[in-house]
Amino acid sequence: ILWAAAWLWDARATRAGRVLFRATCLGTALVALAFLAVYRGPHTAVAASEWVYRNVPEGSTLVTQHWDEGFPLPLPERDPGRYRVVEFPFYEPDGPEKQEDLAREVAGADGVVLPTRRILGAVTRVPERFPRTNAFYRLLLAGRLGFTLAHEQSARARLGPLEFPDELA
């Protein structure tokens with residue numbers, strides 16, 4: 001990036017170089033403004049927690065991922081103790097016992113919550129280490145475990161009506 005910046009700086013001596021320099025500066029500024037949209041609204045975990053408090057009946061059992069911030073978040077006048085929350089250890093090594101524990105917890109759950117893509121992204125990158133966990137996520141996301149997507153909360157880079165995929169932000 002530094003070499004390219006130095007080259008652009010030197011290229012300003014020509015008309016084409018000035019155009020390229022200005023276009024690069026403008027493009028960089030637009031990407032920065034688009035990325036700031038991620039921070040304009042409430043944090044996604046707060047907004048998703050509010051959705052749960054409004055839409056999930058008290059006393060429901062929710063299976064969620066360990067290593068996240070905890071979900072739903074405790075919010076003013078909202079008590080996460082209204083729910084039975086099972087933080088399942090998806091990062092633990094795969095094996096028959098983990099599979100049986102997960103099947104038991106999911107069978108008794110009213111909902112499965114993925115507060116972040118942290119664990120999903122990590123275990124799907126090493127399918128040889130987590131074949132059973134990967135199978136669980138594939139079945140869950142395909143709607144084959146009796147759950148359907150009820151709510152998705154995200155904050156993406158956007159500029160006006162244009163929204164940029166996470167991979168580009």
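Up top is the structure these notes are about.
On a predicted model such as this, the values are computed, not experimentally measured, just so you know. (Residues numbered from 1 in each chain as written. Predicted model: local features only at pLDDT ≥ 70, side-chain atom pairs only at ≥ 80, totals over all residues. Heavy atoms only, no water.)

(A) Structural view of the environment of Ala-109. Considering the arrangement of structural elements, one finds Ala-109 in the loop between α4 (96–107) and β3 (111–112). Residues Ala-109 and Arg-18, 91 residues apart in the sequence, show an inter-C-alpha distance of 61 Å. Beyond its immediate chain neighbours, meaning those up to four positions away, Ala-109 contacts Thr-61, Val-63 and Phe-147. (Helix = DSSP H or I, 4+ residues; strand = E, 2+ residues; numbered from the N terminus. Contact = heavy atoms within 4.5 Å.)

(B) The arrangement of the nonpolar core in detail. In this structure, Phe-90, Leu-102, Phe-136 and Tyr-137 are the most contacted members of the largest nonpolar core, which totals 15 residues. At the level of secondary structure, the elements contributing two or more residues to this core comprise β2 (84–88), α4, α5 (118–123) and α6 (131–141). Apart from residues lying up to four places away in sequence, Phe-90 is in contact with Thr-64, Gln-65, His-66, Lys-98, Leu-102, Ile-119, Val-123, Phe-130, Thr-133, Phe-136 and Tyr-137. In terms of nonpolar packing, the next biggest core, distinct from the first, is built from 12 residues, Ala-48, Val-56, Leu-75 and Val-113 among them. (Core = buried A, V, L, I, M, F, W, Y, C linked by side-chain atoms within 4.5 Å. Buried < 20%, exposed > 50% of the residue type's maximum accessible area, 1.4 Å probe, protein only.)

(C) Seen up close, the pattern of salt bridges. Using the criterion set out here, one finds 8 salt bridges in the structure. The residue Glu-105 makes a salt bridge to Arg-84 at a minimum N-O spacing of 3.6 Å. With Glu-105 in helix α4 and Arg-84 in strand β2, this pair connects stretches of sequence that are 21 residues apart. Overall, the relative accessible area of 19% leaves Glu-105 in the buried class. Between Asp-94 and Lys-98 there is a salt bridge, with its nearest N and O atoms 3.0 Å apart. Its relative accessible area of 9% is what places Lys-98 among the buried residues. When salt bridges with common partners are traced through the structure, they connect Arg-117, Glu-152, Arg-156, Arg-158 and Glu-163 into a single cluster. (Salt bridge = Lys/Arg side-chain N within 4 Å of Asp/Glu carboxyl O.)

(D) Layout of the packing of aromatic side chains. Scanning the entire structure with this criterion turns up 8 aromatic pairs. Between Phe-35 and Tyr-39, the ring centres sit 5.8 Å apart and the planes meet at 70°, which makes this aromatic pair edge-to-face. Its relative accessible area of 35% is what places Phe-35 among the partly exposed residues. Taken together through their ring pairs, the aromatic side chains of Phe-88, Phe-90, Phe-136 and Tyr-137 make up a single cluster. Directly above the aromatic system of Phe-21 lies the positively charged group of Arg-12, at a separation of 5.6 Å from the ring centroid. (Phe/Tyr/Trp six-rings, centres within 6.5 Å; stacked < 30°, edge-to-face > 60°. Lys NZ or Arg CZ within 6 Å of the ring centre and 35° of its normal.)

(E) Here's a closer look at the packing of helix α1 (residues 2–11) against helix α2 (residues 15–36). Relative to each other, α1 and α2 sit at 135°, their axes nearing to 8 Å. Between α1 and α2, the angle is such that the two are oblique. Along this stretch, α1 crosses α2, giving a crossing that reads as left-handed. Two secondary-structure elements touch here, α1 through Trp-7, Leu-8, Trp-9 and Ala-11 and α2 through Gly-17, Arg-18, Leu-20, Phe-21 and Thr-24. Among the residues making up the contact of α1 with α2, the classes are represented as 6 nonpolar, 2 polar and 1 charged. (Axes fitted to C-alpha atoms, helices over the stretch in contact; angles between N-to-C directions. Parallel < 35°, antiparallel > 145°, perpendicular 65-115°, else oblique. Left-handed = near helix turned anticlockwise from the far one by under 90°. Nonpolar A, V, L, I, M, F, W, Y, C, P; charged D, E, K, R; others polar.)

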